[in-house]
Amino acid sequence: MPDNPYRHLPGLDALLARPDILPLINEFGREPVRDEARALLDAIRADIRAGGSAPSEDEIVVRLQDLTRAHLAPSLTPVINATGVIVHTNLGRALLSDAAQQAMMAVARSYSNLEYDLPAGKRGSRYVHAEDMLTRLTGAEAALVVNNNAAAVNLVLRTLAAGKEVIISRSELVEIGGGFRIPDILAQSGAILVEVGTTNRTRLADYENAVTERTGLLLKVHQSNYRIIGFTAEATLAELVQMVQDIPWPASIHVVNDLGSGTLLDTRAYGLAYEPTVQDSINAGADVVTFSGDKLLGGPQAGIILGRKEIIDELKRQPLTRAYRVDKTTLAALQATLMAYLRGTAAEEIPVWRMISAPAEELERRARAWANALADAGARIELLPGGSAVGGGSLPGQTLPTTLLAVGCPHPQRLLTALRACSPPVIARVQEDWVVFDPRTILPAQEKILLKAIRDVLAILQ
Ligand SMILES: *Cc1c(COP(=O)(O)O)cnc(C)c1O
């Protein structure tokens, strides 16, 4: 009588009762693991019916472990960013300082005075928490923190310009990425877009000619992720402010500046071109300035709105502000981040600025040490000069000099794919026919794991 291959398959309950399945059940729960096991056994039976052979029980256990992890483990996971792009939107933007991490943890595990006025012993407002620090740092009259900068821009436009005309230069009708296009944001907020100037040149007179009694505001948007070079002209923020003040009839027109990245530090001190600061926009007299919390500020995801007190007070009263409100952990991380700026230690404490200011010799030393450690890994290894990018829609086209670890490989894309399948995944990039790793964005604590991942992947691909 021929051997019945189904006879060797464990039953569902027998499989789940195995001691080596217990850790899986403890981690993911009995019901979900049972569902995975049932589906796996069904698939194996179908395979046998189609002429396949029965796997051993130990093989089934390994497959169940792999499948359960693949289907049930939380999908959001740390990765190693070897791209050298410091504020990488796809990889989570700014890393938080130690102080910011601790501050988040403190309010996460305990009750807090999020909306409680301690001296008065009654209900307070969550909006007070970062406001004082923000106004001290920037010179603004008042501040409001919302969920992100897209929300900030939307809230400001809806409040100040719904049903009114918003004048903006054609060179600033940008798409930031991730579905944030200035014309769409304007349309959605109920404002009417009035484009002025040309792609490369917009003069003050272009704005002047477009102002009517229907004008609600002049919007200046940071070009973020692209740059116009050559024959160009732009009216400055200060010129727009002056122009509005000089309007001969009683107009209520606001000048709003969406800065995007919004740096508080002078980028020239780090070998970069000048990126206008938040303080510049306030000094230029903008009525409202908005920027992101997790780009060059180096804090949590947030949208920061600075401006005149009566405008910020009006924003705080909007029902939409409630929908855009920030979480307590965000406020805690933001305050801790701002404290570093107040102390004057931002460049040392905040990861984004530590990466920007990493000395070239240190980057080279680290890449060299990795090259030495991988000398016997079975691939061509070299050091190449390269450029790291700041990212986050700031300083497009500019790079910081770095030293790349370069791994030669006949199929660079296969190496990249295999690195992404590592745990934790490694995100590298290709330069010519090398796979390159930029030490600037690789944390010292990740170096050992990175080298092991490269070694393991090379061993499999060779
Ligand atoms: C990044 C950016 C935004 C969007 O900010 P989020 O914080 O991602 O919502 C808006 N405007 C400009 C100019 C930007 O660079």
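Thresholds applied
Residues numbered from 1 in each chain as written. Predicted model: local features only at pLDDT ≥ 70, side-chain atom pairs only at ≥ 80, totals over all residues. Heavy atoms only, no water. Phe/Tyr/Trp six-rings, centres within 6.5 Å; stacked < 30°, edge-to-face > 60°. Helix = DSSP H or I, 4+ residues; strand = E, 2+ residues; numbered from the N terminus. Lys NZ or Arg CZ within 6 Å of the ring centre and 35° of its normal. Domains from an automatic or database assignment. Near = heavy atom within 4 Å. Polar contact = N/O pair within 3.5 Å; in protein donor to acceptor, adjacent residues only side chain to side chain. Areas by Shrake-Rupley, 256 points an atom, 1.4 Å probe, with all protein chains shown as cover. Nonpolar A, V, L, I, M, F, W, Y, C, P; charged D, E, K, R; others polar. Core = buried A, V, L, I, M, F, W, Y, C linked by side-chain atoms within 4.5 Å. Buried < 20%, exposed > 50% of the residue type's maximum accessible area, 1.4 Å probe, protein only. Contact = heavy atoms within 4.5 Å. Salt bridge = Lys/Arg side-chain N within 4 Å of Asp/Glu carboxyl O. 1 Å grid on protein atoms, 1.4 Å probe; cavity = no way out; pocket = protein on both sides within 12 Å on 5 of 7 lines; lining within 4 Å. Points joined across faces, edges and corners; volume = space filled by probe spheres on them. Pairing = 2+ DSSP bridges. Axes fitted to C-alpha atoms, helices over the stretch in contact; angles between N-to-C directions. Parallel < 35°, antiparallel > 145°, perpendicular 65-115°, else oblique. Left-handed = near helix turned anticlockwise from the far one by under 90°.

## Focus on the packing of aromatic side chains
- The tally for this structure, following the rule as stated, stands at one aromatic pair.
- Relative to Trp353, the ring of Tyr270 has its centre 5.1 Å away and its plane inclined at 55°; by these criteria the two rings are tilted. One end of the pair, Tyr270, is in the loop between strand S11 (254-260) and helix H11 (278-283); the other, Trp353, is in helix H16 (residues 351-356), and 83 residues separate them in sequence.
- We note Arg201 situated over the ring of Phe231; from NZ or CZ to the ring centre the distance is 3.9 Å.

## Some words on the domain arrangement of the protein
- Segmenting the protein into domains produces domain 1 (5-72), domain 2 (80-89 + 354-461) and domain 3 (96-348).
- Centre-to-centre, using C-alpha coordinates, domain 1 lies 53 Å away from domain 3.

## Regarding the site of the ligand
- Around the ligand sit 13 residues, and of these Ala150, Ser224, Asp258, Ser292 and Lys295 come closest.
- Arg93 places a side-chain nitrogen or oxygen 2.9 Å from an oxygen atom of the ligand.
- Between the ligand and Lys295, the relevant distance is 2.8 Å, taken from an oxygen atom to a side-chain nitrogen or oxygen of the residue.
- Expressed as a share of its isolated accessible area of 380 Å², the protein-covered part of the ligand is 94%.
- Those elements giving two or more residues to the shell around the ligand turn out to be helix H7 (149-161) and S11.
- Within the shell around the ligand, the residues separate by chemical class into four nonpolar, six polar and three charged.

## Description of the nonpolar core
- Grouped together as the largest cluster of nonpolar side chains are 57 residues, with contacts concentrated most on Leu218, Leu306, Tyr341, Val352, Trp353 and Ile356.
- Lining this core are residues from two domains, each supplying at least three of them: domain 2 (80-89 + 354-461) and domain 3 (96-348).
- Among residues more than four places away in sequence, those in contact with Trp353 are Thr263, Leu265, Thr267, Tyr270, Leu296, Tyr341, Ala346 and Ala347.
- Among the nonpolar cores identified, the runner-up in size contains 30 residues, and Leu144, Ala152, Leu217 and Val256 belong to it.

## Here we look at the pattern of salt bridges
- Applying the stated criterion across every chain, the model contains 27 salt bridges.
- One salt bridge in this structure joins Asp42 and Arg45, with 3.2 Å as the shortest N-O distance. Linking Asp42 with Arg45, this pair stays in helix H3 (residues 30-49), spanning three residues, or about one helical turn.
- The structure contains a network of salt bridges with shared partners spanning Arg18, Asp20, Glu57 and Asp58.

## Remarks on empty space enclosed by the protein
- Applying the stated criterion across every chain, the model contains one cavity of 30 Å³ or more.
- Put simply, the largest cavity is a space of about 50 Å³.
- In terms of lining, the largest cavity is formed by Arg126, Tyr127, His129, Ala130, Glu131, Leu134, Ala143, Leu144, Val145, Val326 and Leu331.
- Among the elements of the structure, helix H6 (131-138) and strand S5 (142-146) are those that each provide at least two residues to the lining of the largest cavity.
- The dominant element in the lining of the largest cavity, judged by the number of residues it contributes, is S5, at three residues.

## Notes on the sheet that holds strand S9 (residues 192-196)
- If you walk across this open sheet you meet the seven strands as S5-S13-S12-S11-S10-S6-S9, and the pairing is mixed. Edge positions in the sheet fall to S5 and S9, since each has one partner strand and no second. Mean inter-strand twist for the sheet, computed between neighbouring axes without regard to direction, equals 20°.
- The pairing of strand S6 (residues 165-169) with strand S10 (residues 215-221) spans three bridges and is classified as parallel. Its bridge partner lying in S10, Val166 is registered against Leu217.
- The strands that helix H12 (residues 309-317) touches are S5, S11, strand S12 (288-292) and strand S13 (303-307); relative to S5, the one it contacts most, it runs at about 30°.

## What to know about the packing of helix H18 (residues 412-420) against helix H19 (residues 447-461)
- Packing of H18 against H19 leaves a shortest axis separation of 10 Å and a crossing angle of 125°. Judged by the inter-axis angle, H18 sits oblique to H19. Crossing angle aside, the handedness with which H18 passes H19 is right-handed. In contact with Arg414, Leu415, Ala418 and Leu419 of H18, H19 contributes Ala453, Ile454, Val457, Leu458 and Leu461.
- Taken together, the residues of the contact of H18 with H19 break down into eight nonpolar, no polar and one charged.

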